[in-house]
Amino acid sequence: RNRRRYAESKIVDSVSRFIVAFLGGAALLIPMLIMTFRTSESDRLITVGVSVVVFELLFAMGTRASNENVLAASAAYAAVLVVYIGYANQSGSNG
């Protein structure tokens, strides 16, 4: 019986890891794809703002993270998207 519980918890753990990895990748790729096709800087900033707010809400409601962890994760997420805006603006002006 204990072996069955362990096997079920391994399956649940694997599935939950896959879901978290998939959602994490999508949380980065979807805004980047939107910003690739939206070339104005204001559209890109709006995309980042909306994406960060959605990320914060989902992270805060979907985990038991402390306020500090939610803030740190949101800041890191926003930083990645802002770096992408900077890179996209540079490559667009040089091309």
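It should be noted that the structure appears before, not after, this text.
Residues numbered from 1 in each chain as written. Predicted model: local features only at pLDDT ≥ 70, side-chain atom pairs only at ≥ 80, totals over all residues. Heavy atoms only, no water.

### A short note on the pattern of salt bridges
Selection rule: Every case where a carboxyl oxygen of Asp or Glu lies within 4 Å of a side-chain nitrogen of Lys or Arg is listed as a salt bridge. For helices the rule is a DSSP run of H or I covering at least 4 residues; for strands it is a run of E covering at least 2, with both sets numbered from the N terminus onward. For each residue, the accessible area found with a 1.4 Å probe, counting protein chains only, is set against the maximum for its type, and the residue is called buried under 20%, exposed over 50%, and partly exposed in between.
Evaluated as defined, the whole model comprises two salt bridges. Residues Asp-13 and Arg-17 are paired through a salt bridge, measuring 3.2 Å at the closest nitrogen-oxygen approach. A residue pair is termed a helical-turn pair when its members lie 3 or 4 positions apart in one helix, as Asp-13 and Arg-17 do in helix H1 (residues 2-37) at four residues. Note on Asp-13: relative accessible area 36%, which makes it partly exposed. Salt-bridge contacts for Asp-43 lead to Arg-38; the nearest nitrogen and oxygen are separated by 3.6 Å.

### Some words on the layout of surface pockets
The cut-off we apply is this: A pocket here means an open set of points on a 1 Å grid, computed over the protein atoms alone, that has protein on both sides within 12 Å along at least five of seven lines. A cavity is instead a set of points where a 1.4 Å probe fits but cannot get out; residues with an atom within 4 Å of a point line either one. Grid points are joined across faces, edges and corners, and a volume is the space filled by probe spheres set on the points. Classification convention: Asp, Glu, Lys, Arg as charged; Ala, Val, Leu, Ile, Met, Phe, Trp, Tyr, Cys, Pro as nonpolar; all other residues, Gly among them, as polar.
A volume near 570 Å³ is recorded for the largest pocket. Surrounding the largest pocket, 19 residues form its lining, Leu-23, Gly-24, Ala-27, Phe-55 and Leu-58 being those nearest its centre. Residue assignment for the lining of the largest pocket shows that the elements contributing at least two residues are H1 and helix H2 (41-62). The biggest single contributor to the lining of the largest pocket is H1, with ten residues. Of the residues that constitute the lining of the largest pocket, the class distribution is 14 nonpolar, five polar and no charged.

### Focus: the packing of aromatic side chains
Here is the rule we go by: Ring pairs shown here join Phe, Tyr and Trp side chains whose ring centres sit within 6.5 Å, with only the six-membered ring taken for Trp; geometry is labelled stacked below 30 degrees between planes, edge-to-face above 60, and tilted in between.
A full pass over the atoms with the stated rule returns three aromatic pairs. With a centroid separation of 5.8 Å and an interplanar angle of 15 degrees, the aromatic rings of Phe-55 and Phe-59 are classed as stacked. Of this pair, Phe-55 and Phe-59 both sit in helix H2, four residues apart, which is roughly one turn of that helix. What makes Phe-55 partly exposed here is its relative accessible area of 21%. Note on Phe-55 and Tyr-77: the rings are 4.3 Å apart at their centroids and 15 degrees apart in plane angle, and the pair reads as stacked. One end of the pair, Phe-55, is in helix H2; the other, Tyr-77, is in helix H3 (residues 67-94), and 22 residues separate them in sequence. A residue is classified by how much of its surface remains accessible, and Tyr-77, at 8% relative accessible area, is buried. In textbook terms, an aromatic cluster arises when at least three aromatic residues are bridged by ring pairs, as seen for Phe-55, Phe-59 and Tyr-77.

Spatial relationships are all this shows, so hold off on functional conclusions.
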